Amino acid sequence: MSRLTSVACLLALANLALLGGCGEPQFSDAEKKTIASLALNTLPSLKSDTTNQYADAPAAAALGSTLFFDVGMSRDGTVSCSTCHKIDRQFQDDLPQAVGVSHTNRRTMPLAGVARNPWFFWDGRRDSLWAQALTPLENPLEQAGNRAAFSHYIKKRFGERYERIFGPLPDLSAVPASASPLGTDAEKAVWNGMTAAQQDDVNRVFANIGKAIAAFERSIEPQQTRFDRFAIDLATGAAAQGDAVFSPEEILGLKLFVGKANCVSCHNGPRFTDNAFHNTGVPPVDGLPPDRGRVDAVAQVQADPFNCLGKFRDGDESACRELRSMVKDGPQITRAYKTPSLRGAADRPPYMHAGQFSTLDEVVAHYSKAPPSVEGVSEVHPLDLSDRERAALVAFLKTLSD
Amino acid sequence: MASIWRYILAGLGLAALLLGIVAAVYLTLPPSASGPDLSRSKKTANGLFVASFEPEHGVVRQGELQSWLLTLKTAAGAPVEGAAITVSGGMPQHDHGLPTSPQATDYLGEGRYRIDGVKFTMSGWWQLHFSISAAAGSDSVVFNIVL
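Caption draft 1: Structural detail: the packing of aromatic side chains. Tallied over the entire structure, the rule returns 23 aromatic pairs over all chains. Plain terms: the ring middles of Phe257(A) and Phe396(A) are 5.1 Å apart, the flat faces sit at 55° to each other, and that makes the pair tilted. Here Phe396(A) lies in helix α14 (residues 387-398) and Phe257(A) lies in helix α10 (residues 248-258), a separation of 139 residues in the sequence. Phe396(A) shares its class with Phe257(A); the two are buried. Residues Phe53(B) and Phe143(B) carry aromatic rings whose centres are separated by 5.5 Å and whose planes lie at 35° to one another, so their mutual orientation is tilted. Placement of Phe53(B) in strand β2 (residues 49-55) and of Phe143(B) in strand β9 (residues 137-146) is noted, with a sequence separation of 90 residues between them. Summarising the burial analysis for this pair, Phe53(B) and Phe143(B) share the class buried. Feature note: the residues Phe53(B), Trp68(B), Phe120(B), Trp126(B), Phe130(B) and Phe143(B) constitute an aromatic cluster, connected by ring pairs. Across from the ring centre of Phe121(A), 3.8 Å away, lies the NZ or CZ of Arg125(A), which sits over that ring. Against the face of Trp130(A) rests Lys211(A), its NZ or CZ located 4.7 Å from the ring centre.

Caption draft 2: Highlighting the domain arrangement of chain A. Residues and elements named next belong to chain A. Partitioning chain A into domains gives domain 1 (26-43 + 223-291 + 334-398) and domain 2 (58-217). Taken over C-alpha atoms, the centre of domain 1 sits 33 Å from the centre of domain 2. Listed by partner, the interface residues are 21 residues for domain 1 and 25 residues for domain 2. Summed over both sides, the interface of domain 1 with domain 2 buries roughly 1800 Å², with 50% coming from carbon and sulfur. The interface formed by domain 1 and domain 2 includes one salt bridge. With its nearest N and O atoms 2.8 Å apart, the salt bridge here joins Asp291 to Arg106. The interface formed by domain 1 and domain 2 holds 13 residue pairs in polar contact (both at pLDDT 80 or more) in total.

Caption draft 3: View of the side chain of Ser151(A). Checked against the element boundaries, Ser151(A) lands in helix α6 (residues 147-166). Filtering out sequence-adjacent residues up to four positions away, Ser151(A) remains in contact with Leu172(A), Val202(A) and Val205(A).

Caption draft 4: Structural detail: the pairing of strand β3 (residues 66-74) of chain B. Residues and elements named next belong to chain B. β3 sits mainly inside the fold: seven of its nine residues count as buried. Where β3 meets strand β7 (residues 112-118), five bridges bridge the pair, whose relative direction is antiparallel. Considered in β7, the bridge of Gln66 is made with Val118.

Conventions used here
- Residues numbered from 1 in each chain as written.
- Chains lettered and ligands numbered in written order.
- Predicted model: local features only at pLDDT ≥ 70, side-chain atom pairs only at ≥ 80, totals over all residues.
- Heavy atoms only, no water.
- Phe/Tyr/Trp six-rings, centres within 6.5 Å; stacked < 30°, edge-to-face > 60°.
- Helix = DSSP H or I, 4+ residues; strand = E, 2+ residues; numbered from the N terminus.
- Buried < 20%, exposed > 50% of the residue type's maximum accessible area, 1.4 Å probe, protein only.
- Lys NZ or Arg CZ within 6 Å of the ring centre and 35° of its normal.
- Domains from an automatic or database assignment.
- Contact = heavy atoms within 4.5 Å.
- Buried area = accessible area lost by both parts, 1.4 Å probe.
- Salt bridge = Lys/Arg side-chain N within 4 Å of Asp/Glu carboxyl O.
- Polar contact = N/O pair within 3.5 Å; in protein donor to acceptor, adjacent residues only side chain to side chain.
- Pairing = 2+ DSSP bridges.

Dropping the structure here:
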């Protein structure tokens with residue numbers, strides 16, 4: 001009898017030893033591979049931006065930083081980039097929709113790792129970091145300035161610094177004080193009255209403002225989190241220490257994220273984004289103008305004179321492959337928005353392109369229910385998560401902030 | 001007496017070990033269920049051409065904009081020149097299309113066409129569908145790629 005028991009024990013032990021040691025393995029090999037691909041240590045070093053020859057010039061970044069925080073860079077001297085992109089708030093503003101010179105229609109985006117994006121804004125209507133920076137400067141709801149005024153301002157305030165980086169400023173003496181092809185009707189009329197050479201001079205100074213700001217933004221990178229420490233320990237097989245130990249709830253949340261809830265199909269890679277556009281059925285906000293997302297951005301980025309194919313790009317056209325191969329039509333881009341990074345998300349409610357959800361609980365409840373989109377077709381399908389599973393997903397998302 | 005039992009025990013232990021190994025190997029083998037056809041070279045639907053599709057720089061990387069090479073030969077093995085190629089595709093299990101719109105950008109000679117702007121944004125089963133028109137006629141081919 002006792003011998004039989006010992007034989008049974010031996011059998012059981014031999015099998016246990018072979019099938020993953022003692023105790024249940026927490027993650028399958030496939031899960032481990034996915035988790036490793038999300039860790040910050042897999043983030044490649046930042047590629048050079050050949051469309052901006054000043055992208056890695058320290059003097060350009062320094063001037064860009066000055067401009068980013070300078071309220072002088074706005075129509076009435078009250079708004080800078082940092083009014084909305086606050087340095088101590090992950091470069092966002094905690095509001096459902098940003099407020100500049102006026103109330104805007106979209107949520108301010110955080111800037112960690114922004115230089116790695118192929119597309120900018122929630123709808124990707126700009127294709128480079130430097131072309132993006134020019135947009136809020138002239139947006140009547142944001143900084144509400146105009147490019148002629150910015151050129152004069154740069155000459156007056158930062159002329160010497162500008163010239164040390166970009167070479168001699170053009171002769172602006174005959175350039176009107178206020179003019180822009182995108183401004184008020186009066187500003188447009190003045191712009192149309194300028195010579196092509198004057199317009200070109202102003203556009204070039206304007207593009208260089210964008211290139212300096214972009215050089216500064218390249219230094220804003222995501223930080224290591226508890227999740228990254230956990231993921232590295234998991235990958236190396238080291239015993240997790242201190243706060244790198246995940247609670248059973250956080251582990252369940254991570255398993256759902258890479259498994260049944262399939263969040264990782266869009267929120268993937270070390271930045272938790274596929275850099276692509278998806279309709280996820282997020283409802284529009286009452287009272288805001290119609291917002292159709294990516295489908296309306298396609299024509300805008302194609303028409304932008306500062307896009308990669310335009311004459312203000314440095315380097316050659318081989319940098320423009322994303323623009324050349326973008327999806328231009330089809331049902332999938334209606335109300336499609338860029339997948340945001342989830343790093344730091346727990347610390348910056350509200351969520352989505354117009355701040356539709358005020359907590360992560362609401363976000364996860366949205367994915368669980370997956371309502372149809374008001375326009376276009378949502379790519380997410382109901383997950384019918386239990387209360388415990390929803391809480392676990394939220395617990396996991398918080399590990400991307402600690 | 002005791003030593004015989006020890007041998008029997010050891011034998012049983014060994015048998016258990018073998019069983020365990022077999023079980024472990026069996027459990028970690030990829031499921032044999034018939035997945036999509038992953039061949040990188042095949043006849044086009046109506047047999048007009050033989051098409052091969054390979055990443056230009058060897059490896060497929062998720063999330064990276066890559067160029068691939070589509071090589072077209074006639075059934076007799078002659079390179080197909082001057083073909084007009086359109087590309088579409090998506091993920092059959094997620095019913096969504098491609099995140100980019102790849103295009104034939106260059107003819108590299110010997111029936112080789114560069115297909116630029118290919119990007120696979122998530123793991124899983126992707127399909128690329130090519131419509132090909134050349135002197136010999138029009139045909140199409142589908143390649144499956146699993147990441």
